[in-house]
Amino acid sequence: STRGNGFTVPFYKNPARRRFFTDPDAFLPENFLTISDDVPNFMVRNKRYLFQRGITCSSMGVEFGAAFLPEGATYGVNANIFPCEDDLWWLLAFLNSSLCLFIVRAVLLRTNMITSGYVSRIPVPAFSRTTKQAIAVLSKEATNKRDRKAVSHYVKEIDQLIFDDLSFSSITRKRILSFASSIQTST
């Protein structure tokens, strides 16, 4: 539902192609926790994580993406990550990188459904402190800019920094970018 008339709690679900930022998909009633206690088929899972700042990941669709989850929000069944502040922004950058898309779609899972179990299995490279700082800055900029057209520019910059940090060969870079490009043009 839309915001207003008691529906003020932002609800986020599958961000899919909405990388880095997304607006709420709906608004829950202010008393949704009370409703979940009274209505058997209205389940609220992971109550201790509600309203925390973090990252929300896509759960359906060919593309995999992640968006900033603001404090005070609720979410659906998609995978959510609640890292410490030091890790939030660089991790958001990595989750939106072509390398992560390649790992999720070419290595881990080849269907359209991504559960939290799969997200928890995404290997995260041991980036240098310098790379973490640089991709964190880009991630914050992409989130704050809120411009969907600019997202591909940020992903390209993040990819370059990640590829350089991991010393990927030009062949490996081309394979990853080609795969990511073919996924993005097919959706």
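Everything that follows concerns the structure shown earlier in this document.
Our subject in this report is the structure included herewith. (Residues numbered from 1 in each chain as written. Predicted model: local features only at pLDDT ≥ 70, side-chain atom pairs only at ≥ 80, totals over all residues. Heavy atoms only, no water.)

## Let's talk about the nonpolar core
Next up, step 1: Judged by nonpolar contacts, the single largest core of 39 residues is most densely connected at Ile 55, Cys 57, Phe 64, Phe 94, Leu 95, Ile 122 and Ile 162.
Next up, step 2: Counting residues per element, the ones that place at least two in this core are β3 (54-57), β4 (66-69), α2 (85-95), α3 (98-108), α5 (129-145), α6 (151-165) and α7 (170-186).
Next up, step 3: Residue contributions to this core peak at 8 residues, all from α2.
Next up, step 4: With 11 residues, the next largest nonpolar core counts Tyr 12, Ala 26, Phe 32 and Leu 50 among its residues. (Core = buried A, V, L, I, M, F, W, Y, C linked by side-chain atoms within 4.5 Å. Buried < 20%, exposed > 50% of the residue type's maximum accessible area, 1.4 Å probe, protein only. Helix = DSSP H or I, 4+ residues; strand = E, 2+ residues; numbered from the N terminus.)

## Brief notes about the sheet that holds β4
Next up, step 1: The strand order β4-β3-β6 describes an open sheet built from 3 strands, whose pairing is antiparallel. Of all the strands in the sheet, just β4 and β6 (80-81) have a single pairing partner and so form its edges.
Next up, step 2: Of the strand pairs in this sheet, β3 and β4 are connected by 4 bridges, and their pairing is antiparallel. Looking at the pairing, Gly 54 lines up with Leu 69 of β4. (Pairing = 2+ DSSP bridges.)

## Regarding unusual backbone geometry
Next up, step 1: In the Ramachandran plot, Phe 20 falls in the positive-phi region, its phi being about 75 degrees despite a non-glycine side chain.
Next up, step 2: With respect to the helices and strands, the residue Phe 20 is situated in the loop between β1 (7-12) and β2 (26-29).
Next up, step 3: What makes Phe 20 buried here is its relative accessible area of 0%.
Next up, step 4: The phi dihedral of Ser 167 is positive, around 55 degrees, even though this residue is not glycine.
Next up, step 5: Take Ser 167: it is sitting in the loop between α6 and α7.

## Thoughts on the side chain of Asn 96
Next up, step 1: Inspection of the secondary structure assignment puts Asn 96 in the loop between α2 and α3.
Next up, step 2: Using a relative accessible area of 1% as the deciding quantity, one classes Asn 96 as buried.
Next up, step 3: Once residues within four sequence positions are removed from consideration, Asn 96 is found in contact with Arg 19, Phe 20, Gly 65, Ala 66 and Val 155. (Contact = heavy atoms within 4.5 Å.)

## Examining the pairing of β1
Next up, step 1: Where β1 lies against β2, 4 bridges are found, and the strand directions are antiparallel. Bridging from a neighbouring strand, Phe 7 pairs with Pro 29 of β2.
Next up, step 2: Looking at chain direction, β1 and strand β5 (residues 74-75) are connected through 2 bridges and run parallel. When the sheet's bridge partners are listed, Phe 11 is paired in β5 with Thr 74.

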